[in-house]
Amino acid sequence: MQNKLYPWLSQYYIKIINMIKKRQHSAVMLNSDNNIGINKLILNIKKWIFCKNIQNEYACNKCKECMLINENKNFDIYNINLLNKIKINEIRKIIEKILLTSKSCKKKIIYIKHSEFITELESNTLLKIIEEPPKNTIFFLQTSKIKNIISTLKSRLYIVNIINPKKNTSIKWLLKNTNFNKKICEQAIKISNNVPLFAIKMLNSNLWKIRKHFYAQLFYIIKNEKLLNIIKIIQRKEINFLLNLIYTIFLDAIKYKKNILKFIINTDQKKLIKMISKKFKKKIIFNSIISWIQFEKNLFNIDRVNYDLILLEQVFKWNKILKN
């Protein structure tokens, strides 16, 4: 039985499988946006490497090895998520374990998620084993920020740049996997920057309703010049999503001013976009966006007590910018 990959990842799967067959590289870097399905891609590759009954480039998904991988019980696969603040000593222990068991000739996989957080010290540790890898051992590193990878490490990796799917592919997939109409699916794809897994997450959760409510409240706040009231609709729980809504709607207002209508993202919010565009000068709109970006940069360096204070400060600052 063929493992179902997201349609936009099939070509990359075949490319990596062929590379493994030829034993050209022992360390692969997967560079892509988040929410594009890399975990599923890696899962399929893991199964192919261990499967005892491969069928036309795909694992059978039925044998013991496939079942163990499905249940995350294959002890020759090491998953490291650097978002969990894995320490260098833990990485060294894994490497030492691999080196000690290398004589068994068993296949081994090391999968490092969010590798943009690899420190220089960790990078040097990895380089030693990547340059002279044990037999039948392959490394997979995942990142959405390849510029943050130390150049010496990057130079030793086979880099696979995975681009977002084409718009029509994403919309077709959304229509097949949701109960929403084409107009809503198109809008979700635009908002998600053509990342279909985030689009479906948004549509199938409260995020879509939150967006609709947020923009309705923002329209009221701006129209009635009650800008300080935005503090009531900025929830910390969804702060990243809400900040993105602010950025995109104000950028859409600039596009509207410049008559670049085909690049507007929030096409279902034309009334709000038109109002912002007519109410504020381009420089004021731009300064408004910059102020929220600065707020976001400061956001994750503060504790819960100071969050309310820094948000209040930002709202007053934003109010001053728009009323300039």
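Reading the values: the criteria
For every chain, the first residue of the written sequence is number 1, and numbering continues from 1 along that sequence. Since the coordinates come from a predicted model, pLDDT governs what is reported: local features require at least 70, and pairs of side-chain atoms require 80 or more to be given and counted, while whole-chain, interface and lining totals use all residues. No hydrogens and no water enter the side-chain calculation; it runs on all heavy atoms of the structure. Within this document, salt bridges are pairs made up of a side-chain nitrogen of Lys or Arg and a carboxyl oxygen of Asp or Glu, the two lying within 4 Å of each other. Here a helix means four or more residues in a row that DSSP labels H or I, a strand means two or more in a row labelled E, and each is numbered from the N terminus. Summary of the burial criterion: residues with accessible area below 20% of their type's maximum are buried, those above 50% are exposed, and those between are partly exposed, where the area comes from a 1.4 Å probe applied to protein chains only. Where helices are involved, their axes are fitted lines through C-alpha atoms of the stretch in contact, as for all axes, and angles between N-to-C directions lie from 0 to 180°. Orientation categories follow fixed angle ranges, with anything under 35 degrees roughly parallel, anything over 145 roughly antiparallel, 65 to 115 roughly perpendicular, and all other angles oblique. Note on convention: the crossing is left-handed when the near helix lies turned anticlockwise from the far helix by less than a right angle, right-handed when the turn is clockwise. Residue contacts are defined here by distance: any two heavy atoms, one from each residue, within 4.5 Å place the two residues in contact. Charged means Asp, Glu, Lys or Arg here, nonpolar means Ala, Val, Leu, Ile, Met, Phe, Trp, Tyr, Cys or Pro, and polar covers whatever is left, Gly included. Note on scores: pLDDT gives the predictor's confidence for each residue, bounded by 0 and 100. Nonpolar core, defined: a set of buried Ala, Val, Leu, Ile, Met, Phe, Trp, Tyr and Cys residues in which side-chain atoms within 4.5 Å join the residues together.

A word on the pattern of salt bridges
Any two side chains of opposite charge can pair if their charged atoms end up close together. Following the criterion strictly, the structure yields six salt bridges and no others. For lysine 21, the salt bridge goes to glutamate 57, with nearest N and O atoms at 2.7 Å. Of this pair, lysine 21 sits in helix 1 (residues 10-21) while glutamate 57 sits in the loop between helix 2 (38-50) and helix 3 (64-70); the two residues are 36 residues apart in sequence, bridging distant segments of the chain. A salt bridge links aspartate 252 to lysine 255; the shortest N-O distance between them is 3.5 Å. Of this pair, aspartate 252 and lysine 255 are both found in helix 11 (residues 239-257), three residues apart, which corresponds to roughly one turn of the helix. No difference in accessibility class separates aspartate 252 from lysine 255, as the two residues are buried.

Remarks on the packing of helix 8 (residues 182-191) against helix 9 (residues 196-203)
In contact at an axis separation of 8 Å, helix 8 and helix 9 are set at 120 degrees when each is read in the N-to-C sense. Between helix 8 and helix 9, the interaxial angle falls into the category oblique. Relative to helix 9, helix 8 is oriented so that their crossing is right-handed. Where helix 8 approaches helix 9, its residues Ile184, Ala188, Ile189 and Ile191 are matched on the opposing element by Pro196, Ala199, Met202 and Leu203. In terms of residue class, the contact of helix 8 with helix 9 is made up of eight nonpolar, no polar and no charged.

Considerations on the confidence of the model for the protein chain
In the predicted model, the protein chain carries a mean pLDDT of 88, and the fraction of residues at 70 or more is 94%. Here helix 4 (residues 88-100) is the element of the protein chain with the lowest mean pLDDT, 73, and helix 12 (residues 270-279) is the one with the highest, 96.

Brief notes about the nonpolar core
Counting 85 residues, the largest nonpolar core has Leu41, Phe140, Ile230, Phe250 and Trp292 as its most contacted members. Ranked by residue count, the leading element in this core is helix 11, at eleven residues. Excluding anything up to four places from it in sequence, phenylalanine 140 contacts Ile16, Ile20, Val28, Ile42, Ile45, Ile49, Ile109, Ile110, Tyr111 and Ile112. In this structure, Ala27, Met29, Leu127 and Phe139 belong to the second largest nonpolar core, which totals 22 residues.

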